[in-house]
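# Secondary and tertiary structure notes
Listed below, chain by chain, are the residues.
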Amino acid sequence: MSSSLSEESTLTTTRVSGMRVALAVSGGIAAYKAAEVLRGLQRAGCRVRVAMTERATEFVTPLTFRALSGEHVIVDDYAPDNPDPIAHITFSQTVDLLLVAPATANIIAKFAHGIADDFVTSTYLACTAPILIAPAMNTTMWNHPATARNLRQLRADGVHVVEPDAGEMACGTIGPGRLSDPALIVAAALDILSQTGAHHVAPHLNDLAGERVLITAGATREEIDPVRFLSNRSSGRMGYALAEAALARGAEVTVVAGVTTVQPPADVRLMRATSAAEMHAAVSGEIEKTTVFIAAAAVSDYRPATRAANKLKKSQSNLTLTLEPTPDILADVADRRHDGLLVIGFAAETEDMLRHAREKLTRKRLDAIVANDVAGDGAGFDTETNVISLLAHDRETPIELPLMSKLEAAHRVLDEVARLRRAPAKREIISANP
Ligand code: C5P
């Protein structure tokens, strides 16, 4: 029994790992317990961002949640220090779950009536993900017909509720209204996340509007003679998935595709380049007008030093090919980057993936790198799915994501692009310490 329970919790953890939760904290004495909820979600592998009502900050400081989540805590999206002026839209539409804990009688009433007079209530209205609330309030407030009416309304609107406990309250009364056990709140949240199955992708997300994204995709071919070439097993799926996801998020997208075995997304601007040199030339011609460069192509690192004009003849002796390096397109773009250009690379590895990826991120001076273990099951070349880890120049710990479709993986990469765009520029730190 205990082994099946732990198997079940391992399974849930695997399925929710990397999923994104917005934790909204409203102003009740139970606000401090939200820290425990946050830790429980993190232990299950979720990424948590916190929003607070103004009142909640009187019980717990935003700094506490900032330290625990490692992310900016939003109280007022109009505040000058908030890097994202439409945070209630981007925040609410890039999460897989909005969890409100504790939810006061006041916030429940506002939700029920569609009032959006602060960040948390605007986030609620703009949210397309499932919503879970954990009410906490004085027993008389909980028993009030107005609260009961508002909760009925929220349930009818599809909101999930973790019922409060009955017990001794902070105010001394005994009865229902005490915030449910944080572990139960976490379990309810994980339950909803694991039922969602696929990561929630906001249908009308427009967070890359205004970005001009240039993506390389597929394999390059380096000719040996008129009939033979050096190449690799890349299908172009990952690059095309990135293009599809970026288009869906409002970006203008150009793909420079090498040899691919799948169809490009409709509406994408497609340029073809067979060899690394051709791909380099195509990228160089586009880069000035690009704001995000993502190098997803599997570019051949070497090419024959000479291309034979005629088909090489078979002979009895060994044949030696002399290879020379191809231009490193990604490193060249990063070296010559113009202001505001974000540069994202890929690191396909078969061993010691994270170490190699970190080394490439630093050496090539990238903003982020997508590491994938191409030897793993369901990952890498010519598969529908991928297992990726995201490393960024401004974050020490990599985000290790579970097995997912290449389209979902593409959205997670673009979440990182959107985050980097909002983050204060820190590139000089890396440039100063190459
Ligand atoms: O150093 P390595 O070749 O493993 O780096 C992989 C990353 O560099 C990928 O993003 C790939 O698209 C890019 N790359 C490139 N030009 C090359 C070789 C790799 O843009 N010649």
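In the block above lies the structure referred to throughout.
Residues numbered from 1 in each chain as written. Predicted model: local features only at pLDDT ≥ 70, side-chain atom pairs only at ≥ 80, totals over all residues. Heavy atoms only, no water.

### Concerning the overall build of the chain
As a reminder, the rule being used: The secondary structure listing takes helices from DSSP runs of H or I that are at least 4 residues long and strands from runs of E that are at least 2 residues long, numbered from the N terminus. The contact definition used throughout considers only heavy atoms, calling two residues in contact when any of these lie within 4.5 Å. Per-residue and other accessible areas follow the Shrake-Rupley method at a 1.4 Å probe size, with only the shown protein chains counted as cover for residues. Lys and Arg are tallied as positive, Asp and Glu as negative. Neither His nor the chain termini are counted. By convention, charge coordinates are those of NZ in Lys, CZ in Arg, CG in Asp, or CD in Glu.
Each helix and strand in the chain was counted, giving 15 helices and 21 strands. Across its three principal directions, the C-alpha atoms of the chain cover 95 × 55 × 40 Å. A separation threshold of at least 6 residues defines the contact pool for the chain, and within that pool the share at least 24 residues apart is 68%. For the chain, the exposed area adds up to about 20,300 Å²; of that, 52% sits on carbon and sulfur atoms. Distance from the positive charge centre (44 side chains) to the negative charge centre (52 side chains) of the chain: 4 Å.

### Observations regarding the packing of helix H2 (residues 34-43) against helix H9 (residues 182-196)
The condition is simple: Helix axes use the C-alpha atoms of the stretch in contact, all axes being lines fitted to C-alpha atoms, and the angles between their N-to-C directions lie in the range 0 to 180 degrees. Throughout, the term roughly parallel applies to angles under 35 degrees, roughly antiparallel to angles over 145, roughly perpendicular to angles from 65 to 115, and oblique to all others. Note on convention: near helix rotated counterclockwise from far helix by under a right angle means a left-handed crossing. Clockwise means right-handed.
Their axes nearest at 9 Å, the elements H2 and H9 cross at an angle of 45°. In terms of orientation, H2 lies oblique with respect to H9. Like other packed secondary-structure pairs, H2 and H9 cross with a definite hand, here right-handed. Every residue of H9 that contacts H2 at Glu36, Val37, Gly40 and Leu41 is listed here: Pro182, Ile185, Val186, Ala189 and Leu190.

### Quick look at the sheet that holds strand S4 (residues 131-135)
The strands making up a sheet are joined through hydrogen bonds of the backbone, oriented either antiparallel or parallel. To keep it simple, the criterion reads: Strand pairing is assigned whenever DSSP identifies at least 2 bridges connecting the two strands.
Pairing is parallel across the open sheet formed by five strands, whose spatial order is S2-S1-S3-S4-S5. Two strands lie at the open edges of the sheet, namely strand S2 (47-52) and strand S5 (160-161), each paired on one side alone.

### Digging into the pairing of strand S19 (residues 388-392)
Worth spelling out the cut-off: Buried residues are those whose accessible area, probed at 1.4 Å on protein chains only, stays under 20% of the maximum for their type, while exposed residues exceed 50% and partly exposed ones sit between those limits.
For S19, a buried count of five out of five residues is recorded, marking the element as mostly surrounded by other parts of the structure. In S19, alternate side chains face the same way, and those of Ile388, Leu390 and Ala392 on one face and Ser389 and Leu391 on the other are all buried. Note that strand S17 (residues 368-373) and S19 share five bridges and pair antiparallel. Counterpart to Ala371 in the pairing with S19 is Ser389. Note: S19 against strand S20 (residues 395-400), three bridges, orientation antiparallel. Looking across to S20, one finds that Leu390 is bridged to Ile399. In textbook terms, the turn of a hairpin is the stretch between consecutive antiparallel strands, and for S19 and S20 this stretch comprises two residues.

### What to know about the site of the ligand
Defined as follows: Whether a residue is near a molecule or strand is decided by its heavy atoms; if any one of them lies within 4 Å of it, the residue is near. Between N or O atoms, a polar contact is any pair within 3.5 Å; within protein, one atom must be a potential hydrogen donor and the other a potential acceptor, and residues adjacent in sequence are included only when both atoms are from side chains.
In the vicinity of the ligand there are 13 residues, among which Ala295, Ala297, Pro327, Phe346 and Lys360 approach most closely. A distance of 3.0 Å separates a nitrogen atom of the ligand from a polar backbone atom of Ile329. Phe346 places a main-chain nitrogen or oxygen 2.8 Å from an oxygen atom of the ligand. Within the residue set of the shell around the ligand, elements represented by two or more residues are helix H12 (329-335) and strand S16 (342-349).

### Re the nonpolar core
Applied cut-off: We define the nonpolar core as a collection of buried residues of types Ala, Val, Leu, Ile, Met, Phe, Trp, Tyr and Cys that are connected through side-chain atoms lying within 4.5 Å of one another.
Ile215, Leu242, Val253, Val255, Ile294, Ile344 and Leu414 are the most contacted members of the largest nonpolar core, which totals 37 residues. Apart from the residues within four sequence positions on either side, Ile294 is in contact with Val213, Leu214, Ile215, Thr216, Leu242, Ile344, Phe346 and Leu414. Within the second largest apolar cluster, 36 residues are counted, among which are Ala31, Ala35, Val48 and Ala136.

### Considering a nonpolar patch on the surface
The following threshold applies: Only residues whose relative accessible area exceeds 30% and that form no salt bridge enter a patch; like-charged residues are grouped when within 9 Å of one another, and nonpolar side chains (Val, Leu, Ile, Met, Phe, Trp, Tyr) when within 5 Å. By definition here, a salt bridge exists when the distance from a side-chain nitrogen of Lys or Arg to a carboxyl oxygen of Asp or Glu is within 4 Å.
Together, Tyr302, Leu319, Leu321 and Leu323 give the surface a local cluster of nonpolar side chains, amounting to about 400 Å² of exposed area. Relative to the helices and strands, Leu319 is located in the loop between strand S14 (302-304) and strand S15 (323-325). You can call Leu319 exposed: its relative accessible area is 62%.

### What to know about the environment of Lys314
By the element assignment, Lys314 lies in the loop between S14 and S15. With relative accessibility at 84%, the residue Lys314 sits in the exposed group.

### Re helix H6 (residues 119-126)
Across the eight residues of H6, seven count as buried, placing the element largely inside the fold. Along H6, the residues classified as buried are Phe119, Val120, Thr121, Ser122, Thr123, Tyr124 and Ala126. Between the side-chain oxygen at the start of H6 and the backbone nitrogen of Val120 there is a gap of 3.4 Å, and the oxygen is on Asp118.

### Things to note about the pattern of salt bridges
Evaluation of the coordinates by the stated rule reveals 26 salt bridges. A salt bridge links Arg228 to Asp225, with the shortest nitrogen-to-oxygen separation between them at 2.5 Å. As a salt-bridge pair, Asp415 and Arg249 come within 2.9 Å of each other at their nearest N and O atoms. Taken together, the residues Asp415 in helix H14 (residues 406-422) and Arg249 in the loop between helix H10 (237-248) and strand S11 (252-257) connect sequence positions 166 residues apart. Side by side, Asp415 and Arg249 carry an identical accessibility label, which is buried. Among the charged side chains, a network of salt bridges with common partners joins Arg20, Asp96, Asp207, Arg249, Arg412 and Asp415.

### Overview of the sheet that holds S17
Here eight strands make up an open sheet; going across it, the order is S12-S11-S8-S13-S16-S17-S19-S20 and the pairing mixed. Of all strands in the sheet, those bounded by a partner on one side alone are strand S12 (269-272) and S20. Within this sheet the neighbouring strands show an average axis-to-axis angle of 15°, counted without direction.

Function cannot be read off these values alone, since they describe shape.
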